[in-house]
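Observations on the model geometry
Listed below are the residues making up each chain.
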Amino acid sequence: MTELGLPKEIQACLFDLDGVITKTAVVHAAAWKRTFDDFLRRRDGDGFRPFDDSADYDEYVDGRPRADGVRTFLAARGIELPEGKPDDPPDRATVHGLGNRKNDLLLELIHRDGVEAYDGTLRYVEAVRDTGLRTAVVSSSANCRDILRTIGAESLFDVRIDGVVAAERKLPGKPRPDTFLAAARDLGVVAEEAAVFEDALAGMDAGRSGHFGYVVGVDRVGQGDALRAHGADIVVRDLAELGERA
């Protein structure tokens, strides 16, 4: 292992955004909960079963593209909605309408409370770049670029594959590995030469199915066993630990 705690064949590092680089996973969970609880309350009345912003979030929406998260959670509740159109208004009972409602709430929370970065991650990314390894950010978020600019970290990544780029290239999102594979290609490496850094179970699945050289699970919420079960080669609470374990 190198001083970065990575296998020696690793030439590039691919980082998820929410929960790995930024402290926005909890904000996403809150926005999803408000979105789904409002919808379920209107549909089922006050006796509705609320969205669990821990278990339901981890299992059905974390790391997935927005519309996929809507579909996956509703399917778990036996609910089908029309797809609608990507520009559906946020009060429309369609897959895209609910997704747009969630995004509106997310942006409202971000604008109100701001965005914080994980300092340990930023220091680790800088150390990675100092050793000559290339870096990419891989996120399902369509707001990825704006968030990176907010925390002053856009220049730390050679490649950005986010929700906007994935839509342009018609790349399926996590748990499929396509966005990570696209980032590796853009960096000029094969999957076996790239390390994936993820906190979401869907991201672990993507790392495993893409046959990446190393998959790092970042455990912010006490789900280390689940991260390992979904394919993590190592689980850390913060990326600062990796150098310590080298």
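Above this text is the structure in question.
Note that the structure is a prediction, hence the values are computed from the model and not measured.

1. A few points about the sheet that holds strand β3 (residues 159-161)
Taken together, the six strands give an open sheet; going across it, the order is β3-β2-β1-β4-β5-β6, and neighbouring strands pair in parallel fashion. Looking at which strands have only one partner, the edges of the open sheet turn out to be β3 and β6 (234-236). The sheet shows a mean angle of 20° between the axes of neighbouring strands, taken without regard to direction. The pairing of strand β2 (residues 134-138) with β3 spans three bridges and is parallel. Directly across from Val 137, in β3, lies its bridge partner Arg 160. On the sheet, helix α8 (residues 178-187) packs against β1 (12-15), β2, β3 and β4 (194-198) and is oriented at approximately 150° with respect to β2.

2. What to know about the packing of helix α1 (residues 25-44) against helix α3 (residues 66-76)
α3 packs onto α1 with a crossing angle of 45° between their chain directions and a minimal axis gap of 12 Å. Relative to α3, α1 is oriented oblique. Here α1 and α3 pass one another in a crossing that is right-handed. Residues Trp 32, Phe 36, Phe 39 and Leu 40 of α1 lie in contact with α3, whose contacting residues are Arg 66, Gly 69, Val 70, Phe 73 and Leu 74. Residues belonging to the contact of α1 with α3 are distributed by class as follows: seven nonpolar, one polar and one charged.

3. Quick notes on the pattern of salt bridges
Taken as a whole, this structure holds 24 salt bridges when the rule is applied. For the salt bridge of Asp 158 with Arg 134, the shortest nitrogen-to-oxygen distance reads 3.8 Å. Of the two residues, Asp 158 is situated in the loop between α6 (144-150) and β3 and Arg 134 in strand β2; the sequence distance between them amounts to 24 residues. According to the relative accessible area criterion, Asp 158 is partly exposed, its value standing at 33%. Judged by its relative accessible area of 36%, Arg 134 falls in the partly exposed class. For Glu 154, the salt bridge identified is with Arg 149, shortest N-O distance 2.9 Å. Counted as one network, the salt bridges with shared partners bring together Asp 16, Lys 174 and Glu 198.

4. As for unusual backbone geometry
The peptide bond linking Lys 174 to Pro 175 adopts the cis configuration, its omega dihedral lying at 15°. With respect to the helices, strands and loops of the structure, Pro 175 is situated in the loop between α7 (163-169) and α8. Of note, Lys 170 is a non-glycine position whose phi angle comes to about 60°, a positive value. Relative to the assigned elements, Lys 170 resides in the loop between α7 and α8. Among the residues examined, Lys 170 registers a relative accessible area of 72% and is labelled exposed. In this structure, His 211 is a non-glycine residue whose phi angle is positive, near 60°. Position of His 211 relative to the elements: it lies in the loop between α9 (201-209) and β5 (214-218). The class of His 211 is exposed, set by a relative accessible area of 56%.

Reading guide: rules and limits
- Residues numbered from 1 in each chain as written.
- Predicted model: local features only at pLDDT ≥ 70, side-chain atom pairs only at ≥ 80, totals over all residues.
- Heavy atoms only, no water.
- Pairing = 2+ DSSP bridges.
- Helix = DSSP H or I, 4+ residues; strand = E, 2+ residues; numbered from the N terminus.
- Axes fitted to C-alpha atoms, helices over the stretch in contact; angles between N-to-C directions.
- Contact = heavy atoms within 4.5 Å.
- Parallel < 35°, antiparallel > 145°, perpendicular 65-115°, else oblique.
- Left-handed = near helix turned anticlockwise from the far one by under 90°.
- Nonpolar A, V, L, I, M, F, W, Y, C, P; charged D, E, K, R; others polar.
- Salt bridge = Lys/Arg side-chain N within 4 Å of Asp/Glu carboxyl O.
- Buried < 20%, exposed > 50% of the residue type's maximum accessible area, 1.4 Å probe, protein only.

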